[in-house]
Amino acid sequence: MEFTITRTSTPKAKPDETKLGFGKYYTDHMFIMEYDEGQGWHDGRVVPYGDISLDPAAVTLHYGQMTFEGLKAYKNPQGRINLFRPDMNAKRMINSNKRLCIPEIEEELFVSAVKTLVEVDKDWVPSVQGTSLYIRPFIISPEVSMAVHPASSYIFVIILTPVAAYYEGNDKELHGSRIWVEEEFIRAAVGGTGFAKCGGNYSCAMIASANAKKYGCEEVLWLDAKEHKYVEEVGTSNAFFLIDDTVVTSSLTGSILPGVTRDSTIQLLKKWGYKVEERLVELTEVLEAAENGRLKEAWATGTACVISPIGVLNFRGKEHPINNEKVGELSQKLYDTLYGMQTGTREPEMEGWIVTI
Ligand SMILES: *Cc1c(COP(=O)(O)O)cnc(C)c1O
């Protein structure tokens, strides 16, 4: 598909790169493409950033038929722009779409749409240490209908927002976060939509953050929906535990979001010779290991944070510190390696992970 590009005649002033926050500023352009039954995806184009108009009866507004993705673009030392494994986001969106009865977007079409938009707004990729351009592709349905059924028309949109370093407030250093083990609310159940990136997974999870905050925690450790026995994810990140010399993480049971950073972490660890187990991980196994010193490190993985070490698990008000709340060696090594590859300050250890625009 050939994309048309319509440039804005009123470019915005660029924000201060040291005060970006997350999602406060949006670039000059967006990508948009329509789907209609019988016609498929059509009219992919870059247009000036602006409002989308929806009928109040649009299906998405009522029944949440939508999916999204999240990835980042970084300025490399040569002044060019790096994407990290965008094919993985394309593949995941295909799986999310299948679950939500939304027509698939081919991998190549998705990746070329991302590249085209980022190229047009390349001056918006910030270069201050730790900053990046966050890329948000999403699909909604503008179809007017009150009936609960899959829509026959959709729009695919990509927007871009320059974002601050995740650790902006902490001298850009990694630090151990405090995590609340959530027992009352669940994020996703097997058979549901946990593996898909769709809006409903996040609206239902917000209530648990209040519990976490009440106990002075930043994030929630989700347990499985059925037995509240197995650890699943940390907030909107995947969870890893280094017990003795083995790294364990929850297998992709159907209620786990298959993170690109999770997959990259597993591949790197295996390459470095670590034993990695993807399996059901019992909460009691993790807490006991924390108590008897066998839990050496724990961390969360995701595009936003890359690697976020876990300093404390709070279960029923009792605190279980991990590695004396310090950042572990392996967490730091993973962060340095992944972030170094993404920003092009290190040779990529894996072939094909970095796509340069
Ligand atoms: C997006 C997301 C992740 C992390 O995925 P990445 O591809 O590594 O960014 C993990 N868990 C949830 C619930 C997510 O939405």
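Undergrad: Account for the site of the ligand, naming residues and giving values.
TA: Taken together, 14 residues lie around the ligand, and Lys 197, Tyr 202, Glu 233, Thr 261 and Thr 303 are the ones closest in. With respect to the ligand, the side chain of Glu 233 contributes an N or O atom lying 2.5 Å from a nitrogen atom. Calculation on the ligand without its partners gives an accessible area of 380 Å², and the protein chains cover 95% of this total. When each cavity is represented as a set of grid points, the ligand is found to reside in the largest pocket. Only β12 (237-243) and α6 (260-271) provide two or more residues apiece to the shell around the ligand. Looking at side-chain class alone, the shell around the ligand contains three nonpolar, seven polar and four charged residues.

Undergrad: Which residues make up the domain arrangement of the protein, and what values go with them?
TA: Reports of interface size often rely on the accessible area that becomes lost once the parts have come together. Considered domain by domain, the protein is made up of domain 1 (4-163) and domain 2 (177-346). Just the C-alpha atoms count here: the centres of domain 1 and domain 2 sit 27 Å apart. Facing 25 residues of domain 1, the contacting portion of domain 2 comprises 26 residues. Surface buried jointly by domain 1 and domain 2 totals about 2,000 Å² across both partners, of which 61% is contributed by carbon and sulfur atoms.

Calculation notes
Residues numbered from 1 in each chain as written. Predicted model: local features only at pLDDT ≥ 70, side-chain atom pairs only at ≥ 80, totals over all residues. Heavy atoms only, no water. Near = heavy atom within 4 Å. Polar contact = N/O pair within 3.5 Å; in protein donor to acceptor, adjacent residues only side chain to side chain. Areas by Shrake-Rupley, 256 points an atom, 1.4 Å probe, with all protein chains shown as cover. 1 Å grid on protein atoms, 1.4 Å probe; cavity = no way out; pocket = protein on both sides within 12 Å on 5 of 7 lines; lining within 4 Å. Sits in = over half its atoms within 2 Å of the grid points. Helix = DSSP H or I, 4+ residues; strand = E, 2+ residues; numbered from the N terminus. Nonpolar A, V, L, I, M, F, W, Y, C, P; charged D, E, K, R; others polar. Domains from an automatic or database assignment. Contact = heavy atoms within 4.5 Å. Buried area = accessible area lost by both parts, 1.4 Å probe.

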